[in-house]
Structure formats: structure tokens, C-alpha cells
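# A look at the structure
Below, each chain spelled out in residue letters.
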Amino acid sequence: MTTICPNRNTIACFVIGMAGSGKTTLVQRMASELSKREQSTYLINLDPAVIQIPYEPNVDIRDTLNYKDVQIEFQLGPNGAILTALNLFATRIDQLVELLESREEQVDTFVVDTPGQVEVFTWSSSGSIIAESIASSFPTVLLYVVDSPRATKPLTFVSNMIYACSIMYRMQLPLVVVLNKKDLVSTEFAQQWLSDFDTFDEAMQQLEGDYSSNLARSMALAMEEFYRVISCCSISAATGEGMDELLNCVKKAANEFSSFRGEKNHISVNEETASLERPSQATTSTTTIGASSSQETSRQRIWKKVNQPAGQSEPIQDAPLPKSLETTSLGEEENMLEEEEEYQALLDQFPTRWHSTVE
Ligand SMILES: Nc1nc2c(ncn2[C@@H]2O[C@H](COP(=O)(O)OP(=O)(O)O)[C@@H](O)[C@H]2O)c(=O)[nH]1
Ligand SMILES: [Mg+2]
């Protein structure tokens, strides 16, 4: 899906994260903090199952779709009904985009609240369609909210980051990791884990159970590239602490939006092509952790680190590269075609049955 975003000043923020991480509280906090700075917000609630929200949404999916009706009509469980409601809403996304465009002059930031079912953004089409449509008109940023008190264990933390990573690459939008609930727990541990693999490794070594710690270690290493392109900030949505930093991160990410999108394909193709060239034995046999050879690709470096025994910080021998890292996957265009077909299939499935009453 090719997108050209005109140079618009209004930013769109998608607030995404696990249930209970504080997304809704953050949407409310952003509205009040931006209002203090004399900036106007336009709030969109995309959670069809929420009962009460502490802010007045300008657009509410619940006005368009009754989640209970969807559940009964399609004989679904609660999660299935939420996903289906979002799919149905996505078929009317053009109306929402038109509406947002008509509000552009009066609004500084569109803030989108989403359900805790992150699969809406990880594999279901609706998240992509909604975010992609809005991003085709406005610079768009993803705020991935982390429930910090629940992410203090390395395994929980890294699985949260895997979700964030897969959302960012699927949406191809800049992402800010928001470590929330700073008032309940110090978020220093997460800041350190994100910036320095060794501190994460130390935490992993304290864990019992070889399989899970090795798995988390491998995953954290594979995530290093992701950590480099995201920004991160610690806040308390409840008290408002850290909001200055968050708003700065959002502004910066929105400025990076065009280059992030434009260069994304270019970078991934180059990286994949480079990974075909295996480093020579002479170079790799003296490679030190943390001081990588310029001939190595990041993926090869990570693979070697994963193969290194825990705690080792000396030079290591070249580890054999698995086949999967030796082959390229230049299937971007195919994926785009598939996405368009998926979108069309979705539209065909629900032709005119649901009439949006957006606004
Ligand atoms: N102490 C504290 N509680 C918070 C914070 N942010 C959210 N909460 C609480 O966490 C719970 C879930 O928040 P909510 O915004 O509904 O999460 P959502 O499911 O991600 O939308 C609520 O009880 C909030 O009051 C925070 O920064 N600090
Ligand atoms: Mg919520």
C-alpha cells in the first residue's frame, strides 16, 4: 500500500497496549496536558466493549456498533466480537478519515484509544486498515503503553516488547514505548534493559529454568535492532508525571514519520541483501561482543551472540548461520498485494449491512 502523506500539522496518535496497561487513562491525560498547553485534541474511542470512559470521545465506535449485538449475531465470544466489531468499523474508515480531514483546521492532535486485544494490530486486518488510512492523511505515531509493575520480570518484559515490535513493523509507523505507572514502580530497570543488553542478560542469569531464560535471551538479542529505532519514556498517566517528555517524544516521532515511511523499504531491502554476504572466517573469529565488525550484518552479529554461553564476554568463534538467515525475503510487494486482497475480501463480506453513524 503506497502512502503519500501531505505535510500536515495535525498529528494522529494510536494508543496501543495490553488490557489494563493504562491506555484510556493516558488518552484522558494527553487531552488534559495538551489543553493546558493550549492545544486542541480530538478523541476517538475504538474499544467497543468498554463500559465507562473518563473522557468525552468525539468519535465513539460504540455509537456505530453494538458489541453485544455483534456477539449474538455472529455467535462469537467476547474477543471475537471485539475483533469483528473493529473489522466492521474498518469497512467505514473512509467516513472517519473524511471527518478527521474536515476537523483538521481546529485540531492539533487526534488521539485514538484502542482495545486491549492487541491482535487487532498484530494480525487482524482492521488495525492495519484503520491506522494506514489515517496515516495516509496525517503524520501518525504509535504509543505502545507498558504496564510497568507487570513487566518487571525479564520474560514478561521481552514478550511485551515482541508485541510492540511486531506492531511497529506491521504498521510501518514510528513507535514510542511508554513505560506507564511510574508512580507505582521505578521504571529504571526497563530503561536499562532497552539500552544495554548486558543488564538484561544479568537479570536473565538470575532466573531459574534454562529453556525460558535462553529463549528470552535469544529474543532480547533479536530485539536489539528494534530497540535502536524506537524511543522510550516513563510516565504516570494517573499523576501526569513525565508527560512533557512523552509529548516531546511524540513530536519527534511525528517529525520522523515521513522519513521512517519513505526509507523503510529501502533499509529492509538493503539489510536483507547484505545478510547474504557472510563474514569471512578471519574477521569473525576475532569478533568481540559489543564491538562488531563492519563486514557483519546486525542479524549475523545477533545470531552469534545468541550462540554464546551465558556470561561470556570474551571473543567468540563464528557460530554457524542457520539457513533462514542466509536467504532473503524480498516479499514486500507480495505482502502489499495480499493486504489489498484481504481488505477487498473484508469489504465484500460486509457490503452495506452496517451503516456507520460516525460523528
Ligand atoms: N497507579 C496508577 N494507576 C494507573 C495508571 N494508569 C492507569 N492506571 C489504572 O490502571 C487501570 C487500568 O487503566 P485503563 O486506562 O482503563 O487501562 P486500559 O485497559 O489500557 O485502557 C485503572 O484502574 C487505572 O486507574 C498510572 O499511571 N498509575
Ligand atoms: Mg481502555
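Residues numbered from 1 in each chain as written. Chains lettered and ligands numbered in written order. Predicted model: local features only at pLDDT ≥ 70, side-chain atom pairs only at ≥ 80, totals over all residues. Heavy atoms only, no water.

Let us look at the confidence of the model for the chain. When pLDDT is averaged along the chain, the result is 77, and 70% of the positions lie at 70 or above. Looking at the elements of the chain, mean pLDDT is at its lowest for helix α14 (residues 281-284), recorded as 32, and at its highest for strand β4 (residues 109-113), recorded as 98. Residue range residues 1-6 is modelled with pLDDT below 50. Its contacts to residues more than four positions away, or to other chains, number 17 contacts. Under a pLDDT of 50 for its full length, residues 350-359 has, in the predicted model, 25 contacts with residues more than four places off or in other chains. (pLDDT = per-residue confidence, 0-100. Helix = DSSP H or I, 4+ residues; strand = E, 2+ residues; numbered from the N terminus. Contact = heavy atoms within 4.5 Å.)

Attention now goes to the packing of helix α8 (residues 154-171) against helix α10 (residues 197-205). Pairs of packed helices are described in terms of their axes, by the angle between the two and the distance that separates them. Close contact between α8 and α10 brings their axes to 10 Å; oriented N to C, the two are set at 135°. The orientation of α8 with respect to α10, classified from their angle, is oblique. Contacts from Pro154, Phe157 and Val158 of α8 reach α10 at Phe200, Ala203 and Met204. Of the residues that constitute the contact of α8 with α10, the class distribution is six nonpolar, no polar and no charged. (Axes fitted to C-alpha atoms, helices over the stretch in contact; angles between N-to-C directions. Parallel < 35°, antiparallel > 145°, perpendicular 65-115°, else oblique. Nonpolar A, V, L, I, M, F, W, Y, C, P; charged D, E, K, R; others polar.)

Quick look at the site of ligand 1 now. Near ligand 1 there are 15 residues, and of these Gly20, Lys23, Thr24, Thr25 and Asp183 occur at the shortest range. Take Gly20: an N or O atom from its main chain is 2.9 Å from an oxygen atom of ligand 1. Between a nitrogen atom of ligand 1 and a side-chain N or O atom of Asn180, the distance comes to 3.2 Å. Here ligand 1, which alone exposes 580 Å², has 66% of that area covered by the protein. Broken down by element, the residue count for the shell around ligand 1 peaks at three residues, all from helix α1 (residues 23-36). Of the residues in the shell around ligand 1, the class split is five nonpolar, seven polar and three charged. (Near = heavy atom within 4 Å. Polar contact = N/O pair within 3.5 Å; in protein donor to acceptor, adjacent residues only side chain to side chain. Areas by Shrake-Rupley, 256 points an atom, 1.4 Å probe, with all protein chains shown as cover.)

Buried residues dominate helix α7 (residues 125-135), accounting for 11 of its 11 residues. Every buried residue belonging to α7 is among Ser125, Ser126, Gly127, Ser128, Ile129, Ile130, Ala131, Glu132, Ser133, Ile134 and Ala135, and all of these are buried. (Buried < 20%, exposed > 50% of the residue type's maximum accessible area, 1.4 Å probe, protein only.)

To continue, consider the pattern of salt bridges. According to the stated counting rule, one finds nine salt bridges in the structure shown. Between Arg29 and Glu33 there is a salt bridge; the shortest N-O distance is 3.7 Å. Of the two residues, Arg29 and Glu33 both sit in helix α1, four residues apart, roughly one turn of that helix. Both residues of the pair, Arg29 and Glu33, count as buried. The closest approach of N and O atoms between Asp60 and Arg62, which form a salt bridge, is 2.8 Å. With a relative accessible area of 7%, Asp60 lands in the buried category. Here the salt bridges share partners, and the residues they tie into one network are Arg29, Glu33, Lys36, Arg37 and Asp244. (Salt bridge = Lys/Arg side-chain N within 4 Å of Asp/Glu carboxyl O.)

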